[in-house]
Amino acid sequence: MASRFLNQSQRERYEKVPTEISEYDLMQFFQITRQDNIFLKSFRGEHNRLAIALQIGIVRFMGFLPDKWQQQIPANVAAMVSRQLDSDIELLLIYGQRDKTRTEHLNVILKYLKFRRWQPLDEIWLLPWLLDKGMEHDNQPILLRQVCLKLGQEKIMRPSIGTLERIVGSLDEQLHQETYRRLSLLLTEEMKARLTQIVELDDTGGITWE
């Protein structure tokens, strides 16, 4: 069974909108562009346009849309987006009262951002890429962050953190095998024989041969 290496607090940081977002990220991901404004005008209702603008920013920033995201909007994000739209953030309370509406909106947002949803078959290309990264270092939290960045670059909406934790946690045995395979390609038969001799233990003394 693949190891779970995140504690509950770490896992929650991957599942929720951060409570604080830097000014750089605010300008990078939540600034409404002219093209965004054109897109937003296709939605009826001020509350819908506000909610869509926030979701666009969150998906750009996080690579996915957390559950109950409406309840997690940081104050500086709320202020910036509502100011750009000249809207009241309280309108968010009446957004998406039907599950179908929220799902339809998210699908349209993903299409607009040229994102697609994660598919189980994505593991086929992700694992070799991740294996190469793991050969550089096998720190699981770092590898997890790199996976999230890679999915964002590929414009694939991130699956649940449990799925990614399982994928990263399953690498250990594959890394051992890949390390052995790569080393084997570098070793001549003579070198293999000498290494075998070095690690053989003396049956009587329990020491290695010089």
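A brief structural summary. (Residues numbered from 1 in each chain as written. Predicted model: local features only at pLDDT ≥ 70, side-chain atom pairs only at ≥ 80, totals over all residues. Heavy atoms only, no water.)

Moving on: unusual backbone geometry. Positive phi outside glycine occurs at Lys 68, with the angle close to 55°. Along the chain, Lys 68 turns up in the loop between helix H4 (46-62) and helix H5 (75-85). (Helix = DSSP H or I, 4+ residues; strand = E, 2+ residues; numbered from the N terminus.)

For the rest of this paragraph, the subject is the packing of H4 against helix H6 (residues 99-113). Working note: a packed helix pair is described by the angle between its axes plus the distance between those axes. At a closest axis distance of 10 Å, the pairing of H4 and H6 adopts a crossing angle of 55°. Overall, the two elements H4 and H6 adopt an arrangement that is oblique. The crossing of H4 and H6 is right-handed. Listed contacts from H6 to Asn 48, Ile 52, Gln 55, Ile 56, Val 59 and Arg 60 of H4 are His 105, Ile 109, Leu 110, Tyr 112 and Leu 113. In terms of residue class, the contact of H4 with H6 is made up of seven nonpolar, three polar and one charged. (Axes fitted to C-alpha atoms, helices over the stretch in contact; angles between N-to-C directions. Parallel < 35°, antiparallel > 145°, perpendicular 65-115°, else oblique. Left-handed = near helix turned anticlockwise from the far one by under 90°. Contact = heavy atoms within 4.5 Å. Nonpolar A, V, L, I, M, F, W, Y, C, P; charged D, E, K, R; others polar.)

Within the fold, Leu 113 resides in helix H6. Note on Leu 113: relative accessible area 8%, which makes it buried. Through-space distance from the C-alpha of Leu 113 to that of Asp 36 is 9.9 Å; in sequence the pair is 77 residues apart. When neighbours within four sequence positions are excluded, Leu 113 is seen to be in contact with Ile 56, Val 59, Arg 60 and Lys 155. (Buried < 20%, exposed > 50% of the residue type's maximum accessible area, 1.4 Å probe, protein only.)

A few words now on the side chain of Asp 36. Mapped onto the fold, Asp 36 is located in helix H3 (residues 34-40). Its relative accessible area of 3% is what places Asp 36 among the buried residues. Of the polar contacts made by the side chain of Asp 36, one reaches the side chain of Arg 60; its length is 2.9 Å. Reaching out from Asp 36, the side chain makes a polar contact with the side chain of Tyr 112 at a distance of 2.5 Å. What Asp 36 contacts, discounting residues up to four positions off in sequence, is Gln 31, Arg 60 and Tyr 112. (Polar contact = N/O pair within 3.5 Å; in protein donor to acceptor, adjacent residues only side chain to side chain.)

Turning to the packing of aromatic side chains, a few remarks are in order. In the structure shown here, the tally under the stated rule is five aromatic pairs. Plain terms: the ring middles of Phe 29 and Phe 61 are 5.4 Å apart, the flat faces sit at 55° to each other, and that makes the pair tilted. A residue pair is termed long-range when its members are at least 10 positions apart, and Phe 29 in helix H2 (residues 23-29) and Phe 61 in helix H4 qualify at 32 residues. Ring plane angle 80° and centroid distance 5.2 Å describe the contact between Phe 39 and Phe 43, whose orientation is recorded as edge-to-face. For Phe 39, a relative accessible area of 12% translates into the label buried. The buried category is assigned to Phe 43, whose relative accessible area is 10%. Taken together, Phe 29, Phe 30 and Phe 61 form an aromatic cluster joined through their ring pairs. Residue placement shows Arg 158 over the ring face of Phe 64; its charged tip is 3.8 Å from the ring centre. (Phe/Tyr/Trp six-rings, centres within 6.5 Å; stacked < 30°, edge-to-face > 60°. Lys NZ or Arg CZ within 6 Å of the ring centre and 35° of its normal.)

This part covers the layout of surface pockets. Each pocket or cavity is described by its volume, and for the largest pocket that value is around 690 Å³. If you go around the largest pocket, you meet 24 residues; those closest to its centre are Phe 61, Met 62, Gly 63, Cys 148 and Leu 149. Secondary-structure elements contributing two or more residues to the lining of the largest pocket are helix H1 (8-15), H3, H4, H6 and helix H8 (140-153). Counted by class, the lining of the largest pocket contains 13 nonpolar, five polar and six charged residues. Reported here for the second largest pocket is a volume of approximately 500 Å³. Lining the second largest pocket we find 22 residues, and of these Leu 65, Pro 66, Asp 67, Lys 68 and Trp 69 sit closest to its centre. Looking at which element gives the most residues to the lining of the second largest pocket, the answer is H6, with four residues. Counted by class, the lining of the second largest pocket contains nine nonpolar, five polar and eight charged residues. (1 Å grid on protein atoms, 1.4 Å probe; cavity = no way out; pocket = protein on both sides within 12 Å on 5 of 7 lines; lining within 4 Å. Points joined across faces, edges and corners; volume = space filled by probe spheres on them.)

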